[in-house]
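Listed here are the chains, written in short residue letters.
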Amino acid sequence: MSVLLFELSLTLYFAATIVSVVELFKGTKTTSNFILVFAIGGFALHTATILARYAAAGHLPITSLHEASSFFAWCIVLIFFFLEYRYRVDLLGPFTMPVVFVLMLSSSILPREIKPLSPVLQSYWLGIHTFLAFLGDAAFATAFGVGIMYLIQEHHLKTKRLGGLFQRLPNLQILDEINYKLITLGFPLLTLAIITGALWAESAWGSYWRWDPKEVWSLITWFIYALVLHARLTAGWRGRKAAMLSIVGFISVIFTFFGVNLLLKGLHAFV
Amino acid sequence: MNILVIGLNHKTADVEVREKLAFDGQKLEEGLTMLSTLPGIEEAIILSTCNRVEIYSHVKEPETAFGTVRDFLSRFHGLDTAALERSLYLHKNQDAVRHVFRVASSLDSMVVGEPQILGQLKDAFEFALGKKTTGILLNRLMKKTISVAKRVRTETRIAENAVSISFAAFELARKIFTDLPEKSFMLLGAGEMAEIAAKHMINFGVKKVIVANRTYERGCDLAKELNGTAVKFEDFLHEAVHTDIIICSTGAPTYVLHKEEMQRVMKERKQKPVFIIDISVPRNIDPGINDLDNVYLYDVDDLQGVVETNILERKKEAEKAENIIAEEIESFQKWMLSLDSVPTVVALRSKAETIKKEELERLLNKFPSLGEKERKAIEHMASSITNKLIHPPTVALREDTEDKDILIATIKKLYGINGDDDKKQ
C-alpha cells in the first residue's frame, strides 16, 4: 500500500517538475497553477505514504536513507507551500520542485525494507531531533532555490540583458528577503537539531560529542550559515554574496546528508 | 453585404493631414449623422484618434461607396479630394475585418502593443451605438473585435516590456525594489530631462524626493514643484547614503560620482541596493560603479538598449497575434456566410409554405364532406412532404462551403426563388 502511494506521489512530483520546465520556457498563469495542483496532490499522497510507514514501523520513518530522502522532500514541499501562501512570487515552483523530485527519485532507488530499530535508538529523541534537522535542511534547500533565482535576476540587471526570465522573475529585494528569512528559520532549527542530537548521544552512547563525520559536517554547515547571518548583520553581506553563500551552505547540507552516509562511515551510518 | 474600411493613419498621412481630418468633439456627432444618411451606407462607425481616422461601414456597393465616403470626407473637412486620396486606404470584407482586428489588437499602432487603442475603439463603437448608426453586421463585428483584442492581450505578451526610456527606468526599478513608494530618490542636477524622469517616478508612486543642484535656488524651485526637499550640491554624497534611486543629469563635463566615493557610500548604507540612472551626455557617473555589488547603473545607451530589445520582443509577440487574428477571421467569415444564406432559407421556407397552403385549400374545397380527422391527416401529410423536400437544401445552405454564393444561386434557380429577397442581397 505504502509502495503504491509512494510511486503515485513520485509521479505527481515528476509531473510538477515537467510543468516547471515548461513554466521556465513559456510560462502562463495556467502552468503555475498546474505546478501547485500537482504539488498539492503529490504532497497529500506523500503524507499518506509517511503515515502508512509510521504505522508499520512504530516510529517516524527516517531510519533508512530511503525514508530520510523522502522525508526531506516532504519538508521542502511544506516550506514551498508556506512561501506560495505567504509571498506568491512567480517561478518559485521551477526552482524548488526539481529539488523535491530529485530527492524523491533518489529515495525511490534506495532499499526500502523496514529494518528493526536498534535498541539504543528507541527514544523520543528520534522524532524530535530528526524533525528539527530535516525542517532546517528543507529551509536551506528552498533558500538555495531562491538564491539561484536571485543570482539569475541579478545577472540580468547587471549585464543589462533583459530577455529570458527577467520579466517573470520577482524583484531582487523580495528574493533577498525570502532568502534571509529562510536562513533565519533554518539556522535555529539546525542549532536545536545539533543540541538535541548531543543530548540524545549522551543518553544513548554516554557522550555528547564524538566527532563522528555527521556531527563534524553538521557543524561545518552550522558555521557556514552562522557566517551568512553574521556577515549580513555586521558587514551588510546581502544580495549576491548572501545568495552565493546560501548555495555553498546547501552543498554542505547535501554532503552532510548523502555524502557522509555514502562515503564516510560513522555512528550515523543508519541515516 | 460588404464591410468597408476607409481611412488613414500615421503611416499614410502626416500629422497636418491627420489633424485636419480628425473628428473631434462636436464634429464626430455631425459627421456620423451625415455619413449614415448617405446613399448606399447601411451602417457606419467613425474612429478618430491622434494617429488615425477610420470609417467602418456596411455598404451595398463597395465601389461606389468608396467615392461616396471620400467625397464626404473632403466636403466635411474642406480638403482637396486628390490630396486626400493619396493618404487614404481602402479595405473590403475579409481584409477589412483583418484590418479592424489588427487595429484593435494594437498591431497597427505606432507603438505596437500600446493599450489605448482598444478603449478608443470601444468609445467609437458605443458612440455609434448611441446614435443608432450601427446594425447587425457592425455590432457583431465590433463585439468580435473587442473579444479578439482581449484574446491577443491575454495570450501573447505584446503589451509587456516598456518601450520608452522613462518607462524602462521605472520597470527596472520595479525589478530591484519591492516597495517602490517607500523608496527615496534623488535628482542630481535640475535639468529638463531629470525633471521629466522625476515626474514619471512620482507618477509611479515614489514619494520622497531630494534635489541636489549646483545652483541651489534652481534646485529649491524644482524641489518645491516636486514636493521634495533641496540640498546643497556638495552634500549629495552624504544624502546618497539614504537614497535608493538616483537620477543624474548635471551637464558637467566630467564624472561627478566616482567608484571610490560610491564604495564608501555603499559601506555606510550597509550595502542596501541603489539604482542609478545617468541620463547625462557626456556621462556624469563613473561607469565602473556598476561593478560594485548592489549598485545598478544604467546610462542613456543602456536604457535605449533595453527599449530596443523590448521592441524586438513585441515584434515576436506580434507574430503570435497575427495567427490568432487569422483564426478569428475565419470564424467571423463563417458567421457572415451564414448571414448570406439566411434570406434564401427564409424564401425557400415561405415558398414551400405557400405551395402547401394553396394545394391544401384546393383539395379541401373539392371534398367538403371530409371529417375533422381526415382533414388533419391530409394536412399532416402535406406538411411532412414539404418539410422533407426542403430539408436537404436548408441543411446545405447552413453548412459552411467554399462556393456558397454559387450554391445560393443554384438553389434559387432550382426552386424558382426570385423577387424581393434577391434585391436585398
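These numbers were taken from a predicted model, which means no experiment stands behind them. (Residues numbered from 1 in each chain as written. Chains lettered and ligands numbered in written order. Predicted model: local features only at pLDDT ≥ 70, side-chain atom pairs only at ≥ 80, totals over all residues. Heavy atoms only, no water.)

1. Things to note about the overall build of chain A
The helix and strand inventory of chain A stands at eight helices and zero strands. Written out in order from the N terminus, the α and β elements of chain A read α-α-α-α-α-α-α-α. Relative to the 2.2 N^0.38 estimate, which gives 18 Å for 271 residues, the radius of gyration of chain A is 19 Å and therefore close to what a compact globule would have. Oriented by its inertia axes, the alpha-carbon framework of chain A measures out at about 60 × 50 × 30 Å. For chain A, with 271 residues in total, the buried portion stands at 55%. Nonlocal contacts in chain A, meaning residues at least 24 apart in sequence, comprise 80% of its contacts between residues at least 6 apart. A total of about 11900 Å² of accessible surface is found on chain A, and carbon and sulfur atoms cover 73% of it. Averaging the locations of the 19 positively and 13 negatively charged side chains of chain A gives two centres separated by 9 Å. (Helix = DSSP H or I, 4+ residues; strand = E, 2+ residues; numbered from the N terminus. Rg over C-alpha atoms; globule rule 2.2 N^0.38 Å. Buried < 20%, exposed > 50% of the residue type's maximum accessible area, 1.4 Å probe, protein only. Contact = heavy atoms within 4.5 Å. Areas by Shrake-Rupley, 256 points an atom, 1.4 Å probe, with all protein chains shown as cover. Lys, Arg positive; Asp, Glu negative; His and termini not counted. Charge placed at Lys NZ, Arg CZ, Asp CG, Glu CD.)

2. Some words on unusual backbone geometry
Even without being glycine, K160 of chain A reaches a positive phi, approximately 65 degrees. Along the chain, K160 of chain A falls in the loop between helix 5 (125-159) and helix 6 (172-205).

3. Focus on the interface of chain B and chain A
Listed by partner, the interface residues are 27 residues for chain B and 25 residues for chain A. Here chain B packs against chain A, burying approximately 2100 Å² in sum over the two surfaces, 43% of which is carbon and sulfur. A per-residue breakdown of the area chain B buries against chain A is headed by K175, D293 and Y296 of chain B, which together make up 30% of the total. Where chain B touches chain A, the interface holds three salt bridges. Note that K160 of chain A and D302 of chain B form a salt bridge whose closest N and O atoms lie 2.8 Å from each other. On inspection of chain B and its partner chain A, the count reaches 17 residue pairs in polar contact (both at pLDDT 80 or more). At the level of elements, helix 8 (165-176), strand 10 (295-299) and helix 13 (300-366) of chain B are the ones that each hand at least two residues to the side of chain B that touches chain A. Here the side of chain B that touches chain A takes five residues from helix 8 of chain B, the largest share from any one element. Of the residues assigned to the side of chain B that touches chain A, the class counts are ten nonpolar, five polar and twelve charged. (Buried area = accessible area lost by both parts, 1.4 Å probe. Salt bridge = Lys/Arg side-chain N within 4 Å of Asp/Glu carboxyl O. Polar contact = N/O pair within 3.5 Å; in protein donor to acceptor, adjacent residues only side chain to side chain. Nonpolar A, V, L, I, M, F, W, Y, C, P; charged D, E, K, R; others polar.)

4. Things to note about helix 5 (residues 93-104) of chain B
Between its first and last C-alpha atoms helix 5 of chain B spans 17 Å; for twelve residues at 1.5 Å apiece the expected length is 16 Å, and the two agree. All of the buried residues in helix 5 of chain B are A96, V97, H99, V100, F101, V103 and A104 of chain B. (Expected span 1.5 Å × (residues − 1).)

5. As for the pattern of salt bridges
On inspection of all chains with the given rule, the structure shows 34 salt bridges over all chains. Linking E154 of chain A and R240 of chain A is a salt bridge whose minimum nitrogen-to-oxygen distance equals 3.9 Å. Remark: R240 of chain A occurs in helix 8 (residues 239-263) and E154 of chain A occurs in helix 5; sequence separation between them is 86 residues. Between K316 of chain B and E313 of chain B there is a salt bridge; the shortest N-O distance is 4.0 Å. Linking K316 of chain B with E313 of chain B, this pair stays in helix 13, spanning three residues, or about one helical turn. Within the structure, one salt-bridge network assembled from shared partners comprises K11, R52, E54, R102, D108 and E322 of chain B.

6. A short note on the sheet that holds strand 4 (residues 89-92) of chain B
All names here are of chain B. Reading across the sheet, the four strands line up as 2-3-1-4 and stay open at both edges, with antiparallel pairing between neighbours. The sheet is open, and its two borders are formed by strand 2 (41-48) and strand 4, each paired with just one other strand. For this sheet, the mean angle separating the axes of adjacent strands, direction not counted, is 15 degrees. Of the strands in this sheet, strand 1 (2-9), strand 2, strand 3 (52-59) and strand 4 are in contact with helix 3 (residues 62-77), which crosses strand 1 at around 35 degrees. Across the sheet, helix 7 (residues 136-155) lies against strand 1, strand 2 and strand 3, angled at about 35 degrees from strand 2, the strand it touches most. (Pairing = 2+ DSSP bridges. Axes fitted to C-alpha atoms, helices over the stretch in contact; angles between N-to-C directions.)

7. Here we look at the environment of G189 of chain B
Residue and element names in this part refer to chain B. The residue G189 is located in the loop between strand 5 (184-188) and helix 9 (192-203) in this model. Sequence separation of G189 and A212 is 23 residues, and the distance between their C-alpha atoms is 6.0 Å. The contacts of G189, once residues within four sequence positions are left out, are A194, A212, N213, S249 and T250.

8. Some thoughts on the packing of helix 2 (residues 26-37) of chain B against helix 3 of chain B
Residues and elements named next belong to chain B. Their axes nearest at 11 Å, the elements helix 2 and helix 3 cross at an angle of 145 degrees. Crossing angle aside, the handedness with which helix 2 passes helix 3 is right-handed. Contacts between helix 2 and helix 3 involve K27, E30, G31, M34 and L35 from the first element and V69, F72, R75, F76 and H77 from the second. When its residues are assigned to classes, the contact of helix 2 with helix 3 shows five nonpolar, two polar and three charged. (Left-handed = near helix turned anticlockwise from the far one by under 90°.)

9. Quick notes on the packing of aromatic side chains
Residue and element names in this part refer to chain A. All chains considered together, the criterion is met by 26 aromatic pairs over all chains. Summarising the aromatic geometry, the rings of F43 and W74 are spaced 5.2 Å apart at their centres and angled 15 degrees between planes, so their arrangement reads as stacked. With a gap of 31 residues between them, F43 in helix 2 (residues 29-57) and W74 in helix 3 (residues 65-86) connect regions that are remote in the sequence. Side by side, F43 and W74 carry an identical accessibility label, which is buried. (Phe/Tyr/Trp six-rings, centres within 6.5 Å; stacked < 30°, edge-to-face > 60°.)

10. Some remarks on a nonpolar patch on the surface
Residue and element names in this part refer to chain A. A cluster of nonpolar side chains, namely L192, I195, L199 and Y208, defines an oily patch on the protein surface of about 360 Å² accessible area. For L192, the location among the structural elements is in helix 6. Note on L192: relative accessible area 41%, which makes it partly exposed. (Patch = residues over 30% accessible without salt bridge, like charges linked within 9 Å, V, L, I, M, F, W, Y side chains within 5 Å.)

11. A look at the sheet that holds strand 8 (residues 245-248) of chain B
All names here are of chain B. Pairing within the open sheet is parallel, and its six strands lie in the order 7-6-5-8-9-10. Of all strands in the sheet, those with a lone pairing partner are strand 7 (229-232) and strand 10, marking the two edges. Between one strand and the next, the sheet's axes are offset by a mean angle of 20 degrees, whatever the strand orientation. Relative to strand 6 (residues 208-213), strand 5 runs parallel, the two being bridged by five bridges. Across the sheet, residue F185 finds its bridge partner in strand 6, namely V209. Along the sheet, helix 13 makes contact with strand 9 (274-278) and strand 10, crossing strand 10 at roughly 85 degrees.

12. Describing the confidence of the model for chain B
All names here are of chain B. When pLDDT is averaged along chain B, the result is 88; 98% of the residues meet or exceed 70. Confidence drops under a pLDDT of 50 for residues 420-425, and excluding neighbours within four residues, the segment shows six contacts in the predicted structure. Scored by ipTM, the complex comes to 0.86, with pTM at 0.72. (pLDDT = per-residue confidence, 0-100.)

13. A closer look at the packing of helix 7 of chain B against helix 13 of chain B
Residues and elements named next belong to chain B. One can describe the packing of helix 7 onto helix 13 by two numbers: an axis separation of 10 Å at closest approach and a directional angle of 160 degrees. The orientation of helix 7 relative to helix 13 falls into the category roughly antiparallel. Remark: the crossing between helix 7 and helix 13 carries right-handed chirality. Within the contact between the two elements, helix 7 uses I136, L137, R140, L141, K144, V148, R151, V152 and E155 and helix 13 uses A321, I324, I325, E327, E328, S331, F332, W335, M336 and L339. For the contact of helix 7 with helix 13, the per-class residue count stands at twelve nonpolar, one polar and six charged. (Parallel < 35°, antiparallel > 145°, perpendicular 65-115°, else oblique.)

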